Amino acid sequence: MGNTTNERSKDFLVSTADVAFIVNGMLAFTGTTSLNTSISVSMEDQEITGGKGGKTLYKYKYGRKLSPSIEMADWNLAYIAANVGSSIFEGLKDVFTVAECVTLTKGVGTLKKVPVGKVFIEKADGTTVDVTPTGSVITVGEMDGTILATYQYNTNIKRITIDAESTPMIGELILTADKHNNKKGKVGEVQIDIPSFQLSGAFDISLEAGGNTTTTLNGDALAVSGSSCSDGSVYAYISEIPSIESTITVSDIAATPAVITLNVNDTQSLTIVGLKGGLYSNISIDSNDCTITSDDSTIATVSSGIITGIQTGTTFINIDYNGIKDVVKVVVS
């Protein structure tokens, strides 16, 4: 029977991601009640065929596109404002009360708000009249009973305007999801950072008898210059963040220059690169994270990755990073 204790553990992303949207360096909104978050990456391709039977010899890939989609369970005017490219106005405005039930005694009733303008009355028999209120008091003939009143009143509100000309906002979109391991539980999170995300501007508001109204934020990532020259144009960065800070594991290290020639009292800095292999790129290792010693400190010394020539001769500098080692030859003339 095989020993299951050596079975490799597996990581999983669970549930949906939390969301942050930053526009011009200011936080536009956060969302922690997303129903689902997804990112679609697509590419176009051109086939190159040839030979007997028109074999596919190569596929030229181009036109990569990255399209996030986030469905939010909560109601937030900021979601709509970002989609239409509008600011949220806050202040006094006339709004409507629709079909407020009012009890009349000898034709007199009191409304919950003070109307602005006329009050439209629906009587029990289905007929409709309008009356001019006195403050919040209305008079509808001499009747007793109940009526439905629709009217405007003035109050503080939040409002956005959907116009014909504004365009959706562009900002930085950040998604974070928890990462779990089948043996250890939660081990960290995965963060997706889209430096330039343009909302599509299309959205639906569906008011249903059952359930709640949701808001979907769709859009496309726009290509921007990467954080380094080697990145080129970038749509997004995906980072794994451990719960507990850990040392980066490498299979080998390389210190450069491999051979250093110095005059007495000259200095030279070491550059240390970690090699991981597979699909991983090389990483830069801080010399302060290494143990670096000189075989003969009368010829050359080393401190914080800086080598200093002391007197004429040859020695070796030893670099140790978590048990992985390299050696640099130093010649002082």
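Residues numbered from 1 in each chain as written. Predicted model: local features only at pLDDT ≥ 70, side-chain atom pairs only at ≥ 80, totals over all residues. Heavy atoms only, no water.

(A) Highlighting the nonpolar core. Counting residues in each nonpolar core, the largest one holds 21 residues, and the members touching the most others are Ile 307, Ile 317 and Ile 319. Of all elements in the fold, only strand E17 (252-256), strand E18 (259-262), strand E23 (300-303), strand E25 (313-321) and strand E26 (324-332) reach the threshold of two or more residues within this core. The leading source of residues in this core is E26, at four residues. Those residues in contact with Ile 317 that lie beyond four places of it in its chain are Leu 270, Ile 292, Thr 293, Ser 294, Val 302, Ile 307, Asp 326, Val 327, Val 328 and Val 330. (Core = buried A, V, L, I, M, F, W, Y, C linked by side-chain atoms within 4.5 Å. Buried < 20%, exposed > 50% of the residue type's maximum accessible area, 1.4 Å probe, protein only. Helix = DSSP H or I, 4+ residues; strand = E, 2+ residues; numbered from the N terminus. Contact = heavy atoms within 4.5 Å.)

(B) Fine view of the sheet that holds strand E8 (residues 128-131). On the basis of which strands lie adjacent, the open sheet formed by four strands has the order E5-E10-E7-E8 and antiparallel pairing. Two strands in the sheet have a free side with no partner beyond their single neighbour: strand E5 (89-104) and E8. Taking the axes of each pair of neighbouring strands and ignoring which way they run, one obtains an average angle of 25 degrees across the sheet. (Pairing = 2+ DSSP bridges. Axes fitted to C-alpha atoms, helices over the stretch in contact; angles between N-to-C directions.)

(C) Geometry of a nonpolar patch on the surface. Judged by side-chain polarity, Ile 48, Leu 57, Tyr 58, Tyr 60 and Tyr 62 come together as a nonpolar surface patch covering roughly 530 Å² of accessible area. Element by element, the count of residues in the nonpolar patch is highest for strand E4 (residues 55-72), at four residues. With respect to the helices and strands, the residue Tyr 60 is situated in strand E4. (Patch = residues over 30% accessible without salt bridge, like charges linked within 9 Å, V, L, I, M, F, W, Y side chains within 5 Å. Areas by Shrake-Rupley, 256 points an atom, 1.4 Å probe, with all protein chains shown as cover. Salt bridge = Lys/Arg side-chain N within 4 Å of Asp/Glu carboxyl O.)

(D) Broad picture of the environment of Phe 21. Relative to the elements of secondary structure, Phe 21 occurs in strand E1 (residues 11-23). With 300 residues separating them in the primary sequence, Phe 21 and Tyr 321 have C-alpha atoms 39 Å apart. If we skip the residues at most four places from it in the chain, Phe 21 touches Met 26, Leu 27, Ala 28, Phe 29, Ala 82, Met 169, Ile 170, Gly 171, Glu 172, Leu 173, Phe 197 and Leu 199.

(E) Main features of the environment of Leu 148. Here Leu 148 lies in strand E10 (residues 145-159). Taking relative accessible area as the criterion, Leu 148 reaches 32% and is therefore assigned partly exposed. For the pair formed by Leu 148 and Ala 124, sequence separation is 24 residues and the distance between their alpha carbons is 8.4 Å. Setting aside anything within four residues of it in sequence, one finds Leu 148 in contact with Ala 99, Glu 100, Cys 101, Phe 120, Ile 121 and Glu 122.

(F) Summary view of the pairing of E1. Inspection of the sheet shows E1 paired to strand E11 (residues 170-181) by nine bridges, in the antiparallel sense. Note on E11: the bridge partner recorded for Phe 21 is Leu 173. Pairing of E1 with strand E2 (residues 26-31) involves five bridges; the strand directions are antiparallel. Pairing of Val 19 across the sheet is with Gly 31, part of E2. Between the antiparallel neighbours E1 and E2 lie two residues, among them Asn 24 with a positive phi of about 55 degrees.

(G) Focus on the sheet that holds E23. Sheet architecture is open: three strands sit in the order E19-E24-E23, paired in antiparallel fashion. A strand with exactly one partner marks an edge of an open sheet, and here the two such strands are strand E19 (267-269) and E23. Taken over all neighbouring pairs, the strand axes of this sheet differ in orientation by 20 degrees on average, direction set aside. Pairing geometry for E23 and strand E24 (residues 306-309), over four bridges, is antiparallel. What sits directly across from Ala 300, in E24, is Gly 309.

(H) Layout of the side chain of Lys 179. Relative to the elements of secondary structure, Lys 179 occurs in strand E11. What Lys 179 contacts, discounting residues up to four positions off in sequence, is Asp 11, Phe 12, Leu 13, Gly 185, Lys 186, Val 187, Gly 188, Glu 189, Val 190 and Glu 240.

(I) Quick peek at the environment of Asp 193. With respect to the helices and strands, the residue Asp 193 is situated in strand E12 (residues 185-199). Separated by 85 residues in sequence, Asp 193 and Gly 278 place their C-alpha atoms 24 Å apart. Ignoring any residue separated from it by four or fewer positions in sequence, one finds Asp 193 in contact with Glu 172, Leu 173, Ile 174, Tyr 235, Ala 236 and Tyr 237.

(J) Spatial organisation of the confidence of the model for the chain. When pLDDT is averaged across the chain, the result is 91; 96% of the residues are at 70 or more. Contacts of residues 1-5 to residues separated by more than four positions or lying in other chains number two contacts, the stretch itself having pLDDT below 50. (pLDDT = per-residue confidence, 0-100.)

(K) Geometry of the packing of aromatic side chains. For the coordinates displayed, the defined rule picks out five aromatic pairs. A centroid spacing of 5.5 Å and a plane angle of 35 degrees characterise the contact between Phe 21 and Phe 29, whose relative ring orientation is tilted. Overall, Phe 29 belongs to the buried group, its relative accessible area being 6%. A centroid spacing of 5.0 Å and a plane angle of 80 degrees characterise the contact between Phe 29 and Tyr 79, whose relative ring orientation is edge-to-face. Pair noted here: Phe 29 is in strand E2 and Tyr 79 is in helix H1 (residues 77-84), with a separation of 50 residues, a long-range link. A single burial state applies to Phe 29 and to Tyr 79, both of which are buried. Aromatic ring contacts, followed pair by pair, group Phe 21, Phe 29, Tyr 79 and Phe 197 into a single cluster. (Phe/Tyr/Trp six-rings, centres within 6.5 Å; stacked < 30°, edge-to-face > 60°.)

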